[in-house]
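A structural walkthrough
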Amino acid sequence: MEELNTLPESPTRVEGVGRRSFLRYVGGAAVVGGILSSCTPTSDDVTSSTNLGGYNLNKYARQMSNGITVNLGSGEVAILNYAYALEQLEAAYYEALLANPYPEMTAMERAMFMDIRDHEVIHREFFKRALGAAAIPGLTPNFSGINFKQRSVAIDVARQFEDVGVTAYNGAGKFLKTADYLLTAGKIVSVEARHAALLSELQFPLQTAFAGDTPIDGQGLERSREPGAVLAIVAPFVEETITYTLG
């Protein structure tokens, strides 16, 4: 695995991806373990879906299994693979959306989705390269329950995936051991939050979802989720079963 500490702060290109500058990497350790498909979020981790811009990804879920088990590894490698798995899912979503655009997608919306896709592809390829032989294989996304041709659905899922990404990195922050990783995690969260805010405004224009009670708690802080809760949310959108020991 490459030494992440030695990477330049803002490299302009990741090999194989030519568009956007590198935005994120993350490391750390959390003492949790289990199987992705068996984790369940707690009431403290998830806000009510009745709120404007709430969380209800489960309604788009269509659990499918290809019978393959993928282990994230342990310790810092597991955290990096955890991030790599999430980046794979996000990149795959925008690739699928752009390949199956809703009929009324405007030029502005397409450009926005292309920019976000390019970010996610860069993130995905960075983690793959950084992990080297320790990287998990490419995952098989399962978006069979998502109607990409319906604008409200396509944007809703995108916004929720971005919000989940924000809560994922926030939840991992307290486990970070390396100062460089913590610094970069802060940059990652800011980018994820920008995506989420933009998509919230696109979904709920001129309202409060972009910084309302769903993403922000009563203390004015972004919400967070433990790794197990995040993996439980994304499990139905990946055909592999992911096992993990983060610690």
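Residues numbered from 1 in each chain as written. Predicted model: local features only at pLDDT ≥ 70, side-chain atom pairs only at ≥ 80, totals over all residues. Heavy atoms only, no water.

1. Things to note about the pattern of salt bridges
Scanning the entire structure with this criterion turns up six salt bridges. Between Glu95 and Arg124 there is a salt bridge, with its nearest N and O atoms 3.4 Å apart. Taken together, the positions of Glu95 in helix α1 (residues 75–99) and Arg124 in helix α2 (residues 107–131) put the pair 29 residues apart, joining distant regions of the chain. Judged by relative accessible area, which is 18%, Arg124 ranks as buried. Here Arg159 and Asp163 are joined by a salt bridge, their closest N and O atoms 3.6 Å apart. With Arg159 and Asp163 both in helix α3 (residues 151–173) and four residues apart, this pair spans about one turn of that helix. As far as the burial class goes, Arg159 and Asp163 line up, both buried. Linked through salt bridges whose partners overlap, the residues forming this network are Glu95, Arg124 and Glu125. (Salt bridge = Lys/Arg side-chain N within 4 Å of Asp/Glu carboxyl O. Helix = DSSP H or I, 4+ residues; strand = E, 2+ residues; numbered from the N terminus. Buried < 20%, exposed > 50% of the residue type's maximum accessible area, 1.4 Å probe, protein only.)

2. Here we look at the confidence of the model for the protein chain
Do not read the predicted coordinates in detail wherever pLDDT is low. When pLDDT is averaged along the protein chain, the result is 75; 71% of the residues meet or exceed 70. In the model, residues 5–52 has pLDDT below 50 throughout and makes 128 contacts with residues more than four positions away in sequence or in other chains. (pLDDT = per-residue confidence, 0-100. Contact = heavy atoms within 4.5 Å.)

3. Overview of the packing of aromatic side chains
The geometry of an aromatic ring pair comes down to the distance between the two centres and the angle between the two planes. Evaluated as defined, the whole model comprises seven aromatic pairs. Between the aromatic rings of Phe161 and Phe237, the centroid separation amounts to 5.4 Å while the plane-to-plane angle is 85 degrees, which identifies the pairing as edge-to-face. Here Phe237 lies in the loop between α5 (227–234) and β3 (241–246) and Phe161 lies in helix α3, a separation of 76 residues in the sequence. The buried category is assigned to Phe237, whose relative accessible area is 1%. Among the aromatic side chains, those forming a connected cluster through ring pairs are Tyr93, Tyr94, Phe113, Phe143, Phe148, Phe161 and Phe237. (Phe/Tyr/Trp six-rings, centres within 6.5 Å; stacked < 30°, edge-to-face > 60°.)

4. Some details on the packing of α3 against α5
Packing of α3 against α5 leaves a shortest axis separation of 9 Å and a crossing angle of 160 degrees. Considering their axes alone, α3 and α5 lie roughly antiparallel with respect to each other. Note that α3 runs across α5; the crossing there is left-handed. Note on element contacts: α5 touches α3 through Val230, Ile233 and Val234, opposite Val164, Thr167 and Ala168. Split into classes, the residues belonging to the contact of α3 with α5 amount to five nonpolar, one polar and no charged. (Axes fitted to C-alpha atoms, helices over the stretch in contact; angles between N-to-C directions. Parallel < 35°, antiparallel > 145°, perpendicular 65-115°, else oblique. Left-handed = near helix turned anticlockwise from the far one by under 90°. Nonpolar A, V, L, I, M, F, W, Y, C, P; charged D, E, K, R; others polar.)

5. Considering the nonpolar core
The biggest cluster of nonpolar side chains holds 56 residues, and the ones touching the most others in it are Tyr93, Leu97, Phe113, Phe143, Ile146 and Phe237. Looking at this core, the elements that each hand over two or more residues are β2 (69–74), α1, α2, α3, α4 (179–203), α5 and β3. It is α1 that contributes the most residues to this core, 15 residues altogether. Not counting residues up to four positions away in its chain, the partners in contact with Phe113 are Tyr94, Leu97, Leu98, Tyr102, Met105, Ile155, Leu199 and Leu202. (Core = buried A, V, L, I, M, F, W, Y, C linked by side-chain atoms within 4.5 Å.)

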